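Here's the letter readout for the chains.
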Amino acid sequence: MNEWEWNLLEDKTSTVRDVEIDGIAVKVGDRVRLRPKEGGDIFDLALRGQVAIIESIEEDYEGTQHICVVIEDDPGRDLGMMRQPGHRFFFTLAEIEPLPQAAPTLEDETANRKTIKPRILIAGIGNIFLGDDAFGVEVVRRLMNRNLPSDVRTVDFGIRGLDLAYALQDNYQTTILIDAFPHGQTPGTISVVEPDTKEIASAPESLVEAHSMHPLNVLRMAVAMNGSLNRVLLVGCEPHSLGGDEGYMGLSEPVEAAVEEAVNTTEALVRHLLAEEAV
C-alpha cells in the first residue's frame, strides 16, 4: 500500500505498540529488512532488501496490521519520522524481516552518531531503469552488507541529486561517488578518478541544474549551496549500455562482473583513507 492510499484510511486507523513476526516481537524504532511481495510497484523493486526503521505500527478498520517504515540510509529520514510524505513506506507483516534483537535501535543509533561523526561518505548514484546506470546502486547495496568502520556512511542516493547535494553539506573529509563512468574504455573497466574540486567550485552557476544527477553537476550544486567538498573520489565503471531510448532493468554481463571488483576497490580506498588520517 502506498502512502496516498494509506492517507485515505488514516483517520480510521489505530496504532499498535508491537507485533510478532516469525516469532520475534518488533516495535517502533526497531530495524528490519524489507522483503516486498513479488508483482509490486517500482518502489517495491527499489526497496527490496533495504534496511529500514519502524516509524509506526498501524491497524486499519478491517483489523489488518501494517508496518510504516523509513529507510535507514535515506538522507530525508528525519522527515519520515515526522510523518512527512515521500519518506514513509507501508508494508504488511509478511513483507518485513526482523533483524537480530542485538541490532541497535533508532535511539541507540542516534546516540552513536552524536559521538562518532562519519568522516567518509560513500554515495551510490544511478537509475535502476537505465541498464548499466544502476551500477552505483548495486555496488552500494553490497557495501551495506560489509562490515565498514563506524566513521563511514554508505548511502544509495539513486537519482536523488538534491538529497546528495544536501548530504554534502555535512563536511565529510572524503566523498566517494560510485557511478557508471563512460570514457571510452572496455565495458566493465573500473577506474578511480579524483576530480579537481577547485575547478568544480569555479564552475559557472549556469551549469548547476537541480534536477540533473550527473556527479559533477551535483558537486557544483553542493558548492553553490555553500558546501565544502574537501576531497572527492569517483569509483566509476565503463558501461556497456545505458538502456537506450526505452530503458531496461538489469546490468549487462561485463558490468555485473565488475561489481565485486568495485566493492573491493572501494573498501581498499576506505582503509587507505583512514590509515592516512591516522598518521
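Our structure is the block above this text.
For clarity, every value in this text was computed on a predicted model and none was experimentally measured.

Quick notes on the rules
Residues numbered from 1 in each chain as written. Predicted model: local features only at pLDDT ≥ 70, side-chain atom pairs only at ≥ 80, totals over all residues. Heavy atoms only, no water. Helix = DSSP H or I, 4+ residues; strand = E, 2+ residues; numbered from the N terminus. Buried < 20%, exposed > 50% of the residue type's maximum accessible area, 1.4 Å probe, protein only. Contact = heavy atoms within 4.5 Å. Areas by Shrake-Rupley, 256 points an atom, 1.4 Å probe, with all protein chains shown as cover. Salt bridge = Lys/Arg side-chain N within 4 Å of Asp/Glu carboxyl O. Pairing = 2+ DSSP bridges. Axes fitted to C-alpha atoms, helices over the stretch in contact; angles between N-to-C directions. Right-handed = clockwise from strand over helix to strand, strands pointing away.

(A) The overall build of the protein chain, seen in detail. Counting secondary structure elements, the protein chain contains 9 helices and 13 strands. Counting over 279 residues, the protein chain shows a buried share of 46%. Partitioning the contacts of the protein chain with sequence separation of at least 6, the portion at a separation of at least 24 is 72%. Surface summary for the protein chain: the accessible area is close to 14300 Å², and the carbon and sulfur share equals 51%.

(B) Region of interest: the pattern of salt bridges. Within the structure shown, the criterion is met by 13 salt bridges. The residue D151 makes a salt bridge to R119 at a minimum N-O spacing of 2.3 Å. Of this pair, D151 sits in the loop between α5 (135–143) and β10 (152–158) while R119 sits in the loop between α4 (106–115) and β9 (120–125), placing them 32 residues apart in sequence. Relative accessible area serves as the criterion here: at 12%, D151 is assigned to the buried category. Look at R119 and you get partly exposed, because its relative accessible area is 31%. The network of salt bridges with shared partners includes E138, R142, R146, E256, E260 and E267.

(C) Spotlight on the pairing of strand β4 (residues 31–34). Neither face of β4 is left uncovered, since the one carrying R31 and R33 and the one carrying V32 and L34 both have all their residues buried. Two strands pair when backbone bridges link them, and β4 and strand β5 (residues 51–59) are joined in this way by 3 bridges, in the antiparallel orientation. From the neighbouring strand, V32 faces β5, where its bridge partner is A52.

(D) Structural detail: the sheet that holds β9. Ordered by their spatial adjacency, 5 strands build an open sheet running β10-β9-β11-β13-β12, and the pairing between neighbours is mixed. The open sheet is flanked by β10 and β12 (190–193), the only strands paired with a single partner. Between one strand axis and the next, the sheet turns through 15° on average, direction left out of account. In this fold α5 packs onto β9, β10, β11 (174–180), β12 and β13 (231–237), with an angle of close to 125° to the strand it touches most, β11.

(E) Structural context of the pairing of β10. Most of β10 sits inside the fold, with 7 of its 7 residues counted as buried. Alternating positions in β10 separate into two faces, V152, T154, D156 and G158 on one and R153, V155 and F157 on the other, with burial throughout. Pairing of β9 with β10, which is carried by 6 bridges, proceeds in the parallel orientation. Along β10, the bridge assignment pairs A123 with V155. Taken together, β9, α5 and β10 form a β-α-β motif whose crossover is right-handed.

(F) Structural detail: the side chain of T174. Relative to the helices and strands, T174 resides in strand β11. When its relative accessible area of 4% is taken as the criterion, T174 is described as buried. Setting aside chain neighbours within four positions, we find T174 in contact with R119, I120, L121, R231, L233 and L273.

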